[in-house]
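Structural overview
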Amino acid sequence: MANHNDRQLYGGAMTVVLPLDAKDVSDVREVPDNQEVFTHPSTDQSVIIEIVEYQDVQNQNAPGYHFQDIAESNNSLETQVISTEEIPMDQVSMKECQSAWLLKGKQSVSKFNEQAHNVINVHMALYRLPQYSTDILMSFNDPIAISAGSSSHVAAEVYNKCEPWTVLQFKQCVATLTIRDTSLFGE
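Here goes a summary of the coordinates provided.

Some thoughts on the pattern of salt bridges
Throughout the structure, instances matching the rule amount to 1 salt bridge. Residue D135 pairs with R128 through a salt bridge whose shortest N-O separation is 3.0 Å. Summarising the burial analysis for this pair, D135 and R128 share the class buried.

Okay, here's the thing in structure tokens:
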């Protein structure tokens, strides 16, 4: 894929194809061991890959469960699930997963415990790996309304000069997430 490159995750135990301009957040701040976080260099967009405990809920309910959990962690004022769909397995590189799901939702969240709240579209992929007691989440946080009082606020003329990531690019990332070493899950 043009303008994308392979990125190693979790010390090479997983890989994903991300946009070339994706910045690894761990280069500037501490990131939890179960997460890999990448940001757009000019927008407030981010892609987060997270290994979490497998939740014993029906597959079709699992994306909403995790989305709600993220919303609670983000102290979201408003949370809305817009759509959920199963990803056909022939569109997923991760052959270890038993099912994969896409969720689109919306959250109203503040950044760094600020008073100002931003509205973001959250596109989330869920890979279910019950054999490893693991669910893997990939989230694309795409701000649609940044409050003027937010530290993320930039003038429209600055924002319009940059090329934001697209949902299509996120879906390409979703399709390319691959496990290289299953010992990552503590076998």
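Don't stop here, the text continues.
Here we look at the sheet that holds strand β1 (residues 4-9)
Ordered in space as β1-β2-β10, the 3 strands form an open sheet in which the pairing is antiparallel. Two strands close off the open sheet at either side, each with one partner strand: β1 and β10 (178-179). Pairing between β1 and strand β2 (residues 14-19): 6 bridges, direction antiparallel. Of the residues in β2, the one forming a bridge with R7 is V16. Packing of helix α3 (residues 167-176) onto the sheet brings it into contact with β1, β2 and β10, and relative to β2 it is tilted by some 165°.

Examining the environment of A13
Relative to the helices and strands, A13 is located in the loop between β1 and β2. Spatially, the C-alpha atom of A13 lies 6.1 Å from that of I179, the residues being 166 residues apart in sequence. Discounting residues that sit within four places of it in the chain, A13 has contacts with T178, I179, R180, D181 and L184.

Focus on helix α1 (residues 62-73)
Its 12 residues place the ends of α1 17 Å apart at the C-alpha level, agreeing with the 16 Å of an ideal helix rising 1.5 Å per residue. Turning to α1, its buried residues are A62, P63, H66, F67, I70 and A71.

Reading the values: rules and limits
Residues numbered from 1 in each chain as written. Predicted model: local features only at pLDDT ≥ 70, side-chain atom pairs only at ≥ 80, totals over all residues. Heavy atoms only, no water. Salt bridge = Lys/Arg side-chain N within 4 Å of Asp/Glu carboxyl O. Buried < 20%, exposed > 50% of the residue type's maximum accessible area, 1.4 Å probe, protein only. Pairing = 2+ DSSP bridges. Helix = DSSP H or I, 4+ residues; strand = E, 2+ residues; numbered from the N terminus. Contact = heavy atoms within 4.5 Å. Axes fitted to C-alpha atoms, helices over the stretch in contact; angles between N-to-C directions. Expected span 1.5 Å × (residues − 1).

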